[in-house]
Amino acid sequence: MSHPSRTVILHCHLFKNAGTSLDHILKQNFADRWVTREFDMGKGGNTGQVENWILSSPKAVAFSSHTVTGPLPSLPDIEIVPILLLRDPLSRIRSAYRFERSQQADTFGAKLAKVNDLAGYVSKRLSNPQDRQCKSFQAWRLAMFCPGPEAEYQRAKKGAALINETGVLGLVEAFDQTLAALQCRIRGVFPDFAWQHVHANTSAKTPESHMDRALLQQLEDANADDLNLLRYAQELLCVDQRND
């Protein structure tokens with residue numbers, strides 16, 4: 001079996017899942033061979049656009065995007081190593097709130113966070129059926145890699161398994177282990193790949209109201225798929241992530 005002539009890393013960067021820290025490490029290793037781009041997340045996948053991006057960037061090694069959807073790209077004679085990190089969904093939502101509260105941007109989330117405490121932010125986002133930021137966001141994104149008639153959670157599990165088989169599925173709570181897995185995965189092609197633990201784009205702690213029991217239960221219910229997906233990933237990776 002012939003070896004591919006080129007190997008690239010595709011970082012599927014999920015919002016507030018330590019992606020900036022991972023990108024920092026990729027940039028340290030590959031300098032200007034690390035590239036980033038965003039795509040339209042409208043109806044249908046953007047696999048073709050991502051494939052064209054890889055083909056039109058022949059010197060690039062590491063590709064990072066928040067907006068890769070559709071089936072993972074596949075190109076002849078190019079090995080694509082996807083990497084994606086999952087996180088406890090409630091921790092991710094709290095981090096998103098802190099980030100958007102301090103973010104200098106005119107986005108819906110940033111404006112909402114600046115005029116609401118955490119409870120108000122969560123309540124308003126949950127009230128919008130089209131807003132997935134606080135509703136099993138990670139399952140929604142992973143399911144996009146496996147389009148089909150199955151329920152979203154089942155497709156999300158397939159997406160997680162696919163990334164684990166072809167690249168690196170990681171956990172924010174086990175960041176060092178994730179980087180060690182990437183290092184091992186690409187050692188044959190990039191033997192000089194090195195990393196040290198880094199925290200990039202972390203949000204300063206801000207006062208947060210405590211959610212009352214009813215809202216917290218609503219949030220947990222809305223993220224049942226993400227909580228189950230996290231447990232599935234922990235089992236897949238043989239990582240013990242029991243909360244203290």
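Here the structure is shown first, and the text comes after it.
What this report covers is the structure whose coordinates are included nearby. What you are looking at is a predicted structure, and each value in this text was computed from that prediction instead of being measured.

### Topic: the pairing of strand S1 (residues 6-12)
Okay, so step 1: In terms of residue burial, S1 counts as a mostly covered element, since 7 of its 7 residues are buried.
Okay, so step 2: With 6 bridges joining them, S1 and strand S4 (residues 78-86) adopt parallel strand pairing. Counterpart to Leu-10 in the pairing with S4 is Pro-82.
Okay, so step 3: Inspection of the sheet shows S1 paired to strand S3 (residues 62-65) by 4 bridges, in the parallel sense. By the bridge assignment, Cys-12 is partnered in S3 with Ser-65.

### Observations concerning the environment of Gly-48
Okay, so step 1: Its place among the elements puts Gly-48 in helix H2 (residues 47-55).
Okay, so step 2: Of the residues examined, Gly-48 reaches a relative accessible area of 36% and is grouped as partly exposed.

### Points about helix H7 (residues 152-166)
Okay, so step 1: Its 15 residues give H7 an end-to-end C-alpha distance of 21 Å, which sits within 8% of 21 Å, the value for a rise of 1.5 Å per residue.
Okay, so step 2: Among the residues of H7, those classed as buried are Tyr-153, Arg-155, Ala-156, Gly-159, Ala-160, Ala-161 and Ile-163.
Okay, so step 3: Check the buried side of H7 and you find it contacts S4, helix H6 (137-143), strand S5 (168-171) and helix H10 (224-237).

What counts and how
- Chains are numbered independently. Their residues run from 1 in the order of the written sequence.
- Side-chain atom pairs in this predicted model are given and counted only at pLDDT of 80 or more, local residue features only at pLDDT of at least 70, and totals for whole chains, interfaces and linings cover all residues.
- Side-chain numbers come from the whole structure's heavy atoms, not from hydrogens or water.
- Whether a residue is buried, partly exposed or exposed follows from its accessible area with a 1.4 Å probe, protein chains only, as a fraction of its type maximum: under 20%, in between, or over 50%, in that order.
- Working definition: helices are DSSP H or I runs of at least four residues, strands are E runs of at least two. Numbering for both runs from the N terminus.
- By this definition, two strands are paired if DSSP reports at least two bridges between them.
- A helix is expected to span 1.5 Å multiplied by its residue count minus one.
- It only takes one pair of heavy atoms within 4.5 Å for two residues to be counted as in contact.

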